[in-house]
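Spelled out from the first residue to the last, the chains are:
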Amino acid sequence: MSHDSHHAPVACKTELAPERSDLGLIRPDRTTGLMDWLTTVDHKKIGILYGAFAMFYFLVGGVEALAIRTQLARPDNDFVTARMYNQLFTMHGTTMIFLGVMPLSAAFFNFLVPLQIGARDVAFPRLNAFSLWAFVFGAFVLNASWLFEFAHLAGWLNSFEWHKALVYTDFAPANGWFSYAPLAGTFGQNGQALRFTGVGTDFWIIGIQVLGIASLAASFNFICTIINMRAKGMTMMRLPVFTWMTLVTAILIILAFPAITVALIELMFDRTFGANFFNPSAGGQPVLWQHLFWIFGHPEVYILVLPAMGIVSEVLPTFSGKSLFGYPIIVFSGAVIGFLGFAVWSHHMFTTGLGPVPTAAFALLTMAIAVPTGVKIFNWLGTIWGGRVRFTPPMVLALGFIWMFMCGGFSGVMHSAAPADSQQQDSYFVIAHFHYVLLGGVLLGLMAGLYFWFPKIFGRMPNAPIAYIASGLVVLGFNLAFGPMHYLGLAGQPRRTHTYHAGNGWEQWNYVATIGAYILGIGVFIAFVNLVWTAFRGKKCSNDPWDGRTLEWSLPSPVPEYNFAQAPIVTTRDAFFEDKHGSKRIGFENDGGEAGVHMPSQSWMPILASAGFLFIGFGMPMMAMGVPHAGWLVIGGLGVLFLGICLWALEGPGGYMLKTPTVSGTPAPAETAAH
Amino acid sequence: MSSSHEAAPSPDFLAEEVRRYHHFIVLALWLAVVTGAEIVLIYLPIPTAAILTILTLMSAGKFFAVILWFMHLIYDKRLLFWCFFAGLALAFATYAALIMLFSVDRIDTRWFS
Amino acid sequence: MSDTAAAHEAPTSTGIEHKKLIMWLFLASDCMFFGTLISTHLLYRKLFPAGFTDAEGHQRFIQNLFSIELTSFSTFILLMSSFLMALAVSAMHKGQIKSFRRNVLGVIFFGLIFLGCQVYEFTHFYHQGLTIQNSVLGSTFYVLTGTHGTHVAIGVLWLILMYFYSFTGKLGGHVGALDVEVAGLYWHFVDIVWIIIFTAVYLVEYLGPNGIWGSGLPAAVK
């Protein structure tokens, strides 16, 4: 019963007879509604779930940002306390990076990569679902710290003994998104493990750890998929650039996240078991935390930006009517950016006294990394040049990316000069730089992707005028918010301080920046609300409303469960465009039809196993709080995780056969490939 | 059940497996010998730099022997070797950079002035 | 195509099975993981060559603590377990399930001996005065070797489950051989990490009068 499917091919999965897995439990293949979404292994549904959660957390991070900006609008403001302010900027950064941008990129990876390579799913569908649910639970654990914080502020926790015994009562993390030691660590001799912060740091540690596992699992899956599941004729150099950037991003993730995993383990041991990794009293070196964090942290920012660059590399050719200029060079520079990204981490540490030789080395390498980035920009310009440009919403956003990301790049190159950086470090200039690359770059790129691929995902077209207005507000708002911060930083305003006194000359531009932030928030909100509305009630559109170039546009919108009715055979890059307008046709394999195609079975095990993270995620901070018996929660969580994985392995992959319509006009037996 | 439909392994395949079986035994013996040599080496009265070099070479030898033969990499497609080697090279480069960055020696002020 | 073509039996673009490729990717990632942990230990050894201070305030040197006999023994045990694992994989490829079971049982047994040696070593060091809390050396040593030990324990657990699974009759054929080979890859990796740890953490402490880091150090307290 293990790998066979005893079902005849069915036209729809609800027609399947109930089948038992190797464990004797009925497989949830026939479910619909909520159970379908909870047990799905379909990469498209998983992508939609990632996207939905990401958009929600973007808004959460946005609210945190608006609270920050409201506090800073006026000097000596008391909209929030200093402690709340620290928690806000920490959670804003952590949420936006790990719960906003990375999952939204993951949404695109999940939905598009199998379609773009001509596959029916990813290499390990249940592992894909596990990554999603691990992310969901990790995100919940991280934000649950806010729930504890609000409960504390409301006084609901006052009657508990462990609460009365707490030295520090900050429940939400407040150390900045990179949580530097020794503030996050311990001090004291011989296991005293005295801390400077409350359990917020422990929530942060375990939250990021779980999110890391989710990202790692997904990345292993995607590398395997891209390398191993390409359609016939889809050589590596015929892959869409978005898929290439996904591959590079996934490689960066699997090589960079171990560094933060180790750093978090060491910090956790310091705080929980009295180790001395970062404890100055025993000889620990707090600067080691900075090194380990940034060995992860710098590749992380390329993990954030490369998918957006991949999206732009798809949007520009489509709306210029020309193929991407210098495809091999764009792919190669993406790989070089990824590789060099590991060699520059100490540029975040120029002011820590590294010494002249390391400082110079890292400064030079950082300047070097601007070169492949610049190469990409020139290639994008070369793509647009001489094309018949259509200024659709995705195109407008992609053009905005080029310009705004370049601005962010310029301030970045200014940082790379270590002497200049010694003034800019920890000032608002840095905030200006990374928000330009993250908002002007990544956000605009991701929004371009949303408007570009929404018609494919839901079969409905977002309203163009609203899209233009929202995009305009976003661009206007973020320039108004972060442009002045270049000046503010050089005028001396330090970052991560909850207020400032009047008389430094900062008041006017802080006020302007706050107005800009609200405009930005309104723009993003309008865009997201419109997109969600479109998913349910938008105007229906055709399969290929943009005259697309890559394989996903050849499919119906929304895409059927089996993706390709018959597996495609390609002979060139931009195979679909060539099929429509050129001379090279897409061929089809002799599969599908009445014999059906193999679909992976759905499963409860991924969500069951990752539920273990929920228990671990609450158990560890509760141990730190001193809640009695909280350690059992951690052990229970590990047990659930282990049990879930065992059942997952034992239930067998299953699978069923789904009938597909044959592509009309396909000659009967043989493959039409051949090149 | 699928496994019962599997064909029996071909004779060539079996012959290859038997060859590899003998390689494994020889390799296991060599690993034991090299490990023993390492333990003897550290007690020899030769310059520390020489010992360290030889020790590194021996360990690297054992390392790659296990990877290439026990883990089959020499018999597999080259992509797998490069996948692993990328991670290994990066790890080594990171280690080297970290050691050089922490080049300030003797900060143990309790025992050195 | 027959309906027995589950994902892992479908042809792949490279000819490499999915499970094998993903395990090698995981091992590449694990290299970075152990690399950072080992780097932490080594750079702290470089900064603090003199070892650790015990509860009475005496300066202790690490090579007086280490027992080269015990560590060498556990190294041999792990190497031999790796050898048995290779034999187990080979047996599975040939379809000899009884031989596979014997070899896997050997790997499990040796793995448990290794873990037992580690536990003994940890308790011995603890009683000698090295704790995770009283020094940086204790922290790095216990976390590094403990993490490796955890990897070994996970491997032993995996192999125990695989041993029992082999009695259900479902472990066989090409798929079964692949699953065993993937478990073997993990086990061998754990072994090669130990090869590095043995050299970089244990052996180098025995070089020169006070280890490779020290000359001019004051006399050690045994």
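Since we're looking at a predicted model, the values are computed, not measured.

### Focus on the overall build of chain A
So, step 1. Regarding its fold elements, chain A presents 18 helices and eight strands.
So, step 2. In summary, chain A has a C-alpha radius of gyration of 26 Å against a globular reference of 26 Å for 675 residues, a match within 12%.
So, step 3. If you line up chain A on its principal axes, its C-alpha atoms span 75 × 65 × 50 Å.
So, step 4. Out of the 675 residues belonging to chain A, those deemed buried represent 63%.
So, step 5. Across chain A, every contact between residues at least 6 apart in sequence was considered, and the portion connecting residues at least 24 apart equals 80%.
So, step 6. Looking at chain A as shown, the accessible area adds up to about 23700 Å², and 70% of this sits on carbon and sulfur atoms.
So, step 7. Counting 34 positive and 34 negative side-chain charges, chain A places the centres of these two groups 7 Å from one another.

### Things to note about the confidence of the model for chain C
When pLDDT drops low, the exact placement of atoms in the prediction is not to be read closely.
So, step 1. Chain-level statistics for chain C give a pLDDT mean of 86 and a share of 89% at 70 or above.
So, step 2. The complex model carries a pTM of 0.94, and its ipTM stands at 0.93.

### Let's talk about the packing of aromatic side chains
So, step 1. Following the criterion strictly, the structure yields 72 aromatic pairs over all chains and no others.
So, step 2. For the pair A:Phe319 and A:Trp546, a centre-to-centre distance of 5.2 Å together with 80° between the ring planes defines the contact as edge-to-face. Here A:Trp546 lies in the loop between strand S4 (539–540) and strand S5 (568–569) and A:Phe319 lies in helix H8 (residues 286–320), a separation of 227 residues in the sequence.
So, step 3. With relative accessibility at 0%, the residue A:Phe319 sits in the buried group.
So, step 4. When the centroid spacing of 5.6 Å and the interplanar angle of 70° are considered together, the rings of B:Phe24 and B:Phe70 count as edge-to-face. Linking B:Phe24 in helix H2 (residues 11–41) with B:Phe70 in helix H3 (residues 48–70), this pair joins segments that are 46 residues apart in sequence.
So, step 5. An aromatic cluster is defined as three or more aromatic residues linked by ring pairs; in this entry it consists of A:Phe98, A:Trp177, A:Phe178, A:Tyr180, A:Trp204, A:Phe257, A:Phe277, A:Phe278, A:Trp289, A:Phe293, A:Trp294 and A:Phe296.

### Section: the interface of chain C and chain B
So, step 1. With 61 residues of chain C at the contact, the number on the chain B side is 57 residues.
So, step 2. Counting each side, the surface lost to burial between chain C and chain B is near 5400 Å², with a carbon and sulfur contribution of 77%.
So, step 3. The interface formed by chain C and chain B includes one salt bridge.
So, step 4. B:Asp76 is the salt-bridge partner of C:Lys20, the closest N and O atoms lying 3.0 Å from each other.
So, step 5. In this assembly, chain C and chain B are joined by three residue pairs in polar contact (both at pLDDT 80 or more).
So, step 6. When contributions to the side of chain C that touches chain B are tallied by element, the ones reaching two or more residues are helix H1 (18–47), helix H3 (68–93) and helix H6 (173–202) of chain C.
So, step 7. By residue number, the principal contributor to the side of chain C that touches chain B is H1(C), which donates 14 residues.

### Describing a nonpolar patch on the surface
So, step 1. A cluster of nonpolar side chains, A:Val167, A:Tyr168, A:Leu183 and A:Phe196, forms an exposed patch at the surface whose accessible area comes to about 380 Å².
So, step 2. If you trace the backbone, A:Val167 turns up in the loop between helix H5 (161–165) and strand S1 (186–187).

### Focus on the confidence of the model for chain A
So, step 1. Put simply, chain A has an average pLDDT of 92, and 97% of its residues get 70 or more.
So, step 2. Segment residues 1–5 of chain A: pLDDT under 50, and 27 contacts once partners within four positions in sequence are set aside and those in other chains are kept.

### Regarding the environment of A:Val430
All names here are of chain A.
So, step 1. Along the polypeptide, Val 430 turns up in helix H13 (residues 428–458).
So, step 2. Note on Val 430: relative accessible area 12%, which makes it buried.
So, step 3. Each C-alpha atom, one on Val 430 and one on His 415, is 8.1 Å from the other, the two residues being 15 residues apart in sequence.
So, step 4. Residues within four places of Val 430 in sequence aside, it is in contact with His 415, Gln 424, Gln 425 and Arg 495.

### What to know about the nonpolar core
So, step 1. Counting 319 residues, the largest nonpolar core has A:Phe98, A:Trp380 and B:Phe84 as its most contacted members.
So, step 2. Formed by eight residues, the second largest nonpolar core is a distinct cluster that contains A:Val10, A:Ala565, A:Met599 and A:Leu658.

### As for the interface of chain A and chain C
So, step 1. Each partner contributes residues to the interface: chain A has 44 residues there, and chain C has 43 residues.
So, step 2. For the pairing of chain A and chain C, the buried interface totals around 3600 Å² over both sides, and the portion due to carbon and sulfur atoms is 69%.
So, step 3. Inspection of the region where chain A meets chain C yields zero salt bridges.
So, step 4. Listed by contribution, the elements that provide at least two residues to the side of chain A that touches chain C are helix H6 (200–228), helix H7 (241–273), H8 and helix H18 (630–651) of chain A.
So, step 5. Tallying contributions element by element places H7(A) first for the side of chain A that touches chain C, with ten residues.
So, step 6. The residue makeup of the side of chain A that touches chain C, split by class, is 27 nonpolar, 13 polar and four charged.

### A word on the pattern of salt bridges
Residues and elements named next belong to chain A.
So, step 1. The full count for this structure, using the stated rule, is 18 salt bridges over all chains.
So, step 2. Close ionic contact of Glu 651 with Arg 126 constitutes a salt bridge, the shortest N to O distance being 2.8 Å. With a gap of 525 residues between them, Glu 651 in helix H18 and Arg 126 in helix H4 (residues 125–154) connect regions that are remote in the sequence. Judged on exposure class, the residue Glu 651 and its partner Arg 126 are both buried.
So, step 3. In this structure, Asp 544 engages Lys 580 in a salt bridge whose closest nitrogen and oxygen atoms are separated by 2.6 Å. Of this pair, Asp 544 sits in the loop between S4 and S5 while Lys 580 sits in helix H16 (residues 575–581), placing them 36 residues apart in sequence.
So, step 4. In the salt-bridge network here, residues are joined through shared partners; they are Lys 13, Asp 36 and Lys 45.

Calculation rules
Residues numbered from 1 in each chain as written. Chains lettered and ligands numbered in written order. Predicted model: local features only at pLDDT ≥ 70, side-chain atom pairs only at ≥ 80, totals over all residues. Heavy atoms only, no water. Helix = DSSP H or I, 4+ residues; strand = E, 2+ residues; numbered from the N terminus. Rg over C-alpha atoms; globule rule 2.2 N^0.38 Å. Buried < 20%, exposed > 50% of the residue type's maximum accessible area, 1.4 Å probe, protein only. Contact = heavy atoms within 4.5 Å. Areas by Shrake-Rupley, 256 points an atom, 1.4 Å probe, with all protein chains shown as cover. Lys, Arg positive; Asp, Glu negative; His and termini not counted. Charge placed at Lys NZ, Arg CZ, Asp CG, Glu CD. pLDDT = per-residue confidence, 0-100. Phe/Tyr/Trp six-rings, centres within 6.5 Å; stacked < 30°, edge-to-face > 60°. Buried area = accessible area lost by both parts, 1.4 Å probe. Salt bridge = Lys/Arg side-chain N within 4 Å of Asp/Glu carboxyl O. Polar contact = N/O pair within 3.5 Å; in protein donor to acceptor, adjacent residues only side chain to side chain. Patch = residues over 30% accessible without salt bridge, like charges linked within 9 Å, V, L, I, M, F, W, Y side chains within 5 Å. Core = buried A, V, L, I, M, F, W, Y, C linked by side-chain atoms within 4.5 Å. Nonpolar A, V, L, I, M, F, W, Y, C, P; charged D, E, K, R; others polar.

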